[in-house]
Amino acid sequence: MAGFAARHSAVAHTFVSVLDDDLTLDDEAGHHLSRVRRIRAGDVITAADGRGHWRPYVVARVERGTVGLRAQDAPVEEPRLEPRLVVAFALTKGAKPDLVVQKLTELGVDGVTVLAARRSVPRWSDERAAAAVARLRKIAHEAAAQCRRARVPEVDGLRPVTDLRGRPGLVLADREGDDPAALRAPSGGEWVLVVGPEGGFDRAEAAVLEGRRLRLAPHVLRAETAAIAGGAVLATKRTQAPDIRA
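Everything numeric here is computed off the predicted structure, so don't read it as measured data.

Caption draft 1: Geometry of the sheet that holds strand β8 (residues 84-90). The 6 strands lie next to each other as β10-β9-β8-β12-β11-β13, forming an open sheet whose pairing is parallel. The strands lining the two open edges of the sheet, one partner per strand, are β10 (154-160) and β13 (212-214). Taking each pair of neighbouring strands and ignoring which way they run, the sheet shows an average axis angle of 30°. In the sheet, strand β11 (residues 170-178) pairs with β13 via 4 bridges, with the strands oriented parallel. Counted as the bridge partner of alanine 173 is leucine 214 from β13.

Caption draft 2: A look at the packing of helix α2 (residues 96-107) against helix α3 (residues 126-146). Running from N to C, α2 and α3 point in directions that differ by 35°, and their axes come no closer than 8 Å. For the pair α2 and α3, the crossing hand works out as right-handed. Judged by residue contacts, Pro97, Asp98, Val101, Gln102, Thr105 and Glu106 of α2 engage Arg135, Leu136, Ile139, Ala140, Ala143, Ala144 and Gln146 from α3. A breakdown of the residues in the contact of α2 with α3 according to their chemical character gives 7 nonpolar, 3 polar and 3 charged.

Caption draft 3: Region of the structure containing the pairing of strand β4 (residues 53-63). Pairing analysis gives 5 bridges linking strand β3 (residues 44-48) to β4, with the strands arranged antiparallel. If you follow valine 44 over to β4, its bridge partner there is valine 58. In this structure, the hairpin formed by β3 and β4 is closed by a connection of 4 residues, where glycine 50 is found at a positive phi of approximately 80°. The pairing of β4 with strand β5 (residues 66-71) spans 6 bridges and is classified as antiparallel. Each bridged residue has a counterpart across the sheet, and for valine 62 the counterpart in β5 is valine 67. Between the antiparallel neighbours β4 and β5 lie 2 residues, among them glycine 65 with a positive phi of about 80°.

Caption draft 4: Representation of the side chain of threonine 14. By the secondary structure assignment, threonine 14 is in strand β1 (residues 12-15). For threonine 14, a relative accessible area of 7% translates into the label buried.

Caption draft 5: Representation of the environment of histidine 53. For histidine 53, the location among the structural elements is in strand β4. Taking relative accessible area as the criterion, histidine 53 reaches 32% and is therefore assigned partly exposed. For the pair histidine 53 and alanine 226, spaced 173 residues apart in sequence, the C-alpha to C-alpha distance is 31 Å. With residues near it in sequence (within four places) discarded, histidine 53 still touches Leu19, Ala47, Ala48, Val76, Glu77 and Ala150.

Caption draft 6: Up close: the nonpolar core. Judged by nonpolar contacts, the single largest core of 26 residues is most densely connected at Phe89, Val101, Leu193 and Leu234. Where this core is concerned, the elements lending two or more residues are β8, α2, β9 (111-116), α3, β12 (190-195) and α5 (223-235). Take this core: its biggest share by element is 5 residues, from α3. Leave out the neighbours within four places in its chain, and leucine 193 touches Val86, Val87, Ala88, Val171, Ala173, Leu214, Ala227, Gly230, Gly231 and Leu234. Listed in part, the 14 residues of the second largest apolar core include Ala90, Leu115, Leu164 and Leu209.

Caption draft 7: Broad picture of unusual backbone geometry. Here glutamate 82 and proline 83 are connected by a cis peptide whose omega angle stands at -5°. The topology assignment puts proline 83 in the loop between β7 (81-82) and β8. A cis amide bond links glycine 157 with the next residue in sequence, leucine 158, at an omega value of 0°. Locating leucine 158 in the fold gives a position in strand β10. One non-glycine residue, arginine 38, lies in positive phi territory at about 55°.

What counts as what
- Residues numbered from 1 in each chain as written.
- Predicted model: local features only at pLDDT ≥ 70, side-chain atom pairs only at ≥ 80, totals over all residues.
- Heavy atoms only, no water.
- Pairing = 2+ DSSP bridges.
- Helix = DSSP H or I, 4+ residues; strand = E, 2+ residues; numbered from the N terminus.
- Axes fitted to C-alpha atoms, helices over the stretch in contact; angles between N-to-C directions.
- Left-handed = near helix turned anticlockwise from the far one by under 90°.
- Contact = heavy atoms within 4.5 Å.
- Nonpolar A, V, L, I, M, F, W, Y, C, P; charged D, E, K, R; others polar.
- Buried < 20%, exposed > 50% of the residue type's maximum accessible area, 1.4 Å probe, protein only.
- Core = buried A, V, L, I, M, F, W, Y, C linked by side-chain atoms within 4.5 Å.

In short, shape yes, function no, at least from these values alone.
Structural data, given as structure tokens:
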């Protein structure tokens, strides 16, 4: 698809705050490109602002931990995909939320919400939740760089399931739900895929989740598997938004 940084024949991708004609990367990005990726002068990389714009740059110089870049072309806006896609998944144990956020970012979702379901085994304090969400945002940023996205997905949490009450476009992962082929584009322009804990939502939570049911597999999936699989299914049903400037 034209307009995507991932389609450019660059050797690496990074994020910057502004897409100026000349850039000097002397922070973590500069260290990573020079010491880990070992780029050289003359290589071409792409840089994005994390909000949808990106630009190709030629590497002008490489020093210890510092990379100088010179723009090749004008900034490009990455096309948006429709409908907007958010995945809200119940908190799981250990490093599983990290994996979910990483893979959903690679799949191109626009947002991720971590839900504090009543049957979720982990119980995060406010302090721990703030630190964990900050870590998940860092994971999303790193995954977006790895897969060469121009937009970093929003990571929101920790939210109670009741926050989803009345939200348009809800799609619930459910083994008894509809086949994905029967799912139609949402009228409000957004899908919010909801994935519960392995014990399922309790009765009060289920009562506020009114939406389409989506069958992902005939078997019982782990919560993290369902979130990634559901994100992949809905990602394949998205289309590129028309360019309103055309």
